Amino acid sequence: MRPSIQLWQWPNILAIDATLIAVLWQLGLARALNTEIGWAASAVLGLSVWLTYVADRLFDVRSREKTALFSLRHQFAKQYHHILWRVWFVLIAMNLLIARQLTAMQLKNGALLLIFCLLYTASNQKLSRYFFPKEICVALIYTSGIIIFIPVAYPLGFFGVFALLCLLNCLMIGAKEKVIDTNLRIHSVTALIAEGCLTPLALIGAGLAIWRGGVLWLGLALSFGLLGLLHGLRKRISMETFRVLADATLVLGALYALGFNGSNG
């Protein structure tokens, strides 16, 4: 019997949380740099993140029975795959139309990122049964998506620190969901990383962000700290709840960074 889905789980099941995280951090970075990116850049980023996440899930479940899927998001994708594919094609068409509002620089960078997203999806589906560093790829592509539409120079340190935050988020979720990856025959970086080192790495990331200073960086420090705390309590938290809370830590950090004015990044 399929467990009932709680209201607070829907953003994760529908991949809305990943979309929200990307847009909020993009806006937080733009505000910290005192620049404007335009509504189209945020819309294209949000839609692109959603399209990538949902396509990955739909490909994951396409040849598997629903009874063999252990996560709520995969069960949902399997049950409603026909509807999700229809929505997917409608939204990709909408995304392409909105992209016409981007500047030449934004359009060029967005097209380049799209190529990497397509390569990631194809490579992950083809190679994950053997080995594919999906967590590293997701962290790099996700971070790139946040910065590519920014029209001014950004601090290079932000790319590295935010990519580390995304990587730890993926690794911690992957460690908690090992049974799912095993069932889906997915082999990734998570299996090579000792779980005990993830919390110290999160604390190191928080320390680096605090040392850098500024509201944007304190938002990063908040996410690192909450993520490290969550991982330390992982044995007391169910798998589905852990995933939702892990993504919530990135939302809270972004809201902190976005909610304060006067930061210079």
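All figures in this text were calculated on a predicted structure; none of them were measured in a lab.

Parameters and conventions
- Here, residues in each chain are numbered from 1, in the same order as that chain's written sequence.
- Note on the predicted model: pLDDT of at least 70 is required for a residue's local features to be given, and 80 or more for side-chain atom pairs to be given and counted; whole-chain, interface and lining totals, by contrast, use all residues.
- Side-chain measures here rest on the full set of heavy atoms in the structure, leaving out hydrogens and waters.
- Helix and strand definitions here come from DSSP, where helices need a minimum of 4 consecutive H or I residues and strands a minimum of 2 consecutive E residues; each element is numbered from the N-terminal end.
- Relative accessibility thresholds used throughout: buried, under 20% of the residue-type maximum; exposed, over 50%; partly exposed, between the two (1.4 Å probe, protein chains only).
- The span you would expect from a helix comes to 1.5 Å times its residue count less one.
- When we speak of the arc, we mean the arc of directions from the helix axis to the C-beta atoms.
- For this analysis, residues touch if any pair of their heavy atoms sits within 4.5 Å.
- In summary, the pairing rule links any two rings of Phe, Tyr or Trp, Trp by its six-membered ring, whose centres are within 6.5 Å, and it sorts them by plane angle into stacked for under 30 degrees, edge-to-face for over 60 and tilted for everything else.
- Helix axes are fitted only over the stretch in contact, all axes being lines through C-alpha atoms; the angle between N-to-C directions runs from 0 to 180 degrees.
- In these notes the angle categories are as follows: under 35 degrees is roughly parallel, over 145 is roughly antiparallel, 65 to 115 is roughly perpendicular, and the rest is oblique.
- Two helices crossing with the near one rotated counterclockwise from the far one by less than a right angle form a left-handed crossing, whereas a clockwise rotation gives a right-handed crossing.
- Three classes are used, and their members are as follows: Ala, Val, Leu, Ile, Met, Phe, Trp, Tyr, Cys and Pro are nonpolar, Asp, Glu, Lys and Arg are charged, and the others, Gly among them, are polar.
- The definition of a nonpolar core used throughout is a set of buried Ala, Val, Leu, Ile, Met, Phe, Trp, Tyr and Cys residues joined through side-chain atoms within 4.5 Å.
- The working definition used for a salt bridge is a side-chain nitrogen of Lys or Arg within 4 Å of a carboxyl oxygen of Asp or Glu.

Here we take up unusual backbone geometry. A positive phi is found at Ala15, a non-glycine position, where the angle reads about 65°. You can see Ala15 is positioned in the loop between α1 (10-13) and α2 (16-32). Not every positive phi belongs to a glycine, and Asn34 is a case in point at roughly 55°. The topology assignment puts Asn34 in the loop between α2 and α3 (39-61). Its relative accessible area of 66% is what places Asn34 among the exposed residues.

If you check helix α5 (residues 81-99), its first and last C-alpha atoms are 26 Å apart, about what 19 residues at 1.5 Å a residue would give, namely 27 Å. Those residues of α5 not exposed but buried are Leu84, Trp88, Leu91, Asn95, Ile98 and Ala99. Seen from one end, α5 has its buried residues packed into an arc of 95°, which puts them on one side. Exposed and facing more than 90 degrees away from the buried side of α5 are His82, Arg86, Phe89, Val90, Leu96 and Leu97. Next to the buried residues of α5 lie α3, α4 (72-79) and α6 (104-127).

Now for the packing of aromatic side chains. The geometry of an aromatic ring pair is captured by the separation of the ring centres together with the interplanar angle, meaning the angle of the planes. Applying the stated criterion across every chain yields a total of 10 aromatic pairs. Both rings, one in Tyr120 and one in Phe132, keep their centres 6.0 Å apart while their planes meet at 45°; by these two values the pair is tilted. One end of the pair, Tyr120, is in helix α6; the other, Phe132, is in the loop between α6 and α7 (134-147), and 12 residues separate them in sequence. For the pair Tyr120 and Phe132, one class covers both residues: buried. Here the aromatic rings of Phe158 and Phe162 are separated by 5.5 Å at their centres, their planes lie at 15°, and the arrangement is stacked. Placement of both Phe158 and Phe162 in helix α8 (residues 156-176) is noted, with a separation of 4 residues, approximately one turn of the helix. With respect to burial, Phe158 and Phe162 carry one shared label: buried.

Below, the discussion takes up the packing of α8 against helix α11 (residues 215-232). Across the interface, α8 lies against α11 with an axial gap of 11 Å and an inter-helix angle of 20°. The orientation of α8 relative to α11 falls into the category roughly parallel. Crossing of α8 against α11: the hand is left-handed. Across from Gly157, Phe158, Val161, Phe162, Leu164, Leu165, Leu168, Asn169 and Met172 in α8, the residues of α11 making contact are Leu216, Trp217, Leu220, Ser223, Phe224, Leu227, Gly228 and His231. Considering only residue class, the contact of α8 with α11 consists of 12 nonpolar, 5 polar and no charged.

Between its terminal C-alpha atoms α6 stretches 34 Å, which fits the 34 Å expected from 24 residues at 1.5 Å a residue. Gln106, Gly110, Leu113, Cys117, Tyr120, Thr121, Asn124 and Gln125 are the residues of α6 that are buried. Packing partners of the buried residues in α6 comprise α3 and α7.

On to the nonpolar core. Counting 82 residues, the largest nonpolar core has Trp25, Tyr142, Phe158, Phe162 and Leu220 as its most contacted members. With 12 residues, α3 is the largest single contributor of residues to this core. Non-local contacts of Trp25, meaning those with residues more than four positions away in its chain, are made with Ile146, Phe158, Phe162, Leu216, Gly219, Leu220, Ser223, Leu250, Gly253, Ala254 and Ala257.

Pairs can form between side chains of opposite charge once their charged atoms are near each other. With the rule as written, the count across this model stands at 4 salt bridges. One salt bridge connects Lys178 with Glu195, and the closest N-O pair in it is separated by 3.3 Å. Pair noted here: Lys178 is in helix α9 (residues 178-184) and Glu195 is in the loop between α9 and α10 (198-212), with a separation of 17 residues, a long-range link. Lys178 gets classed as partly exposed once you look at its relative accessible area, which sits at 38%. Linked by salt bridges that have partners in common, Arg73, Glu177 and Arg243 make up one network.

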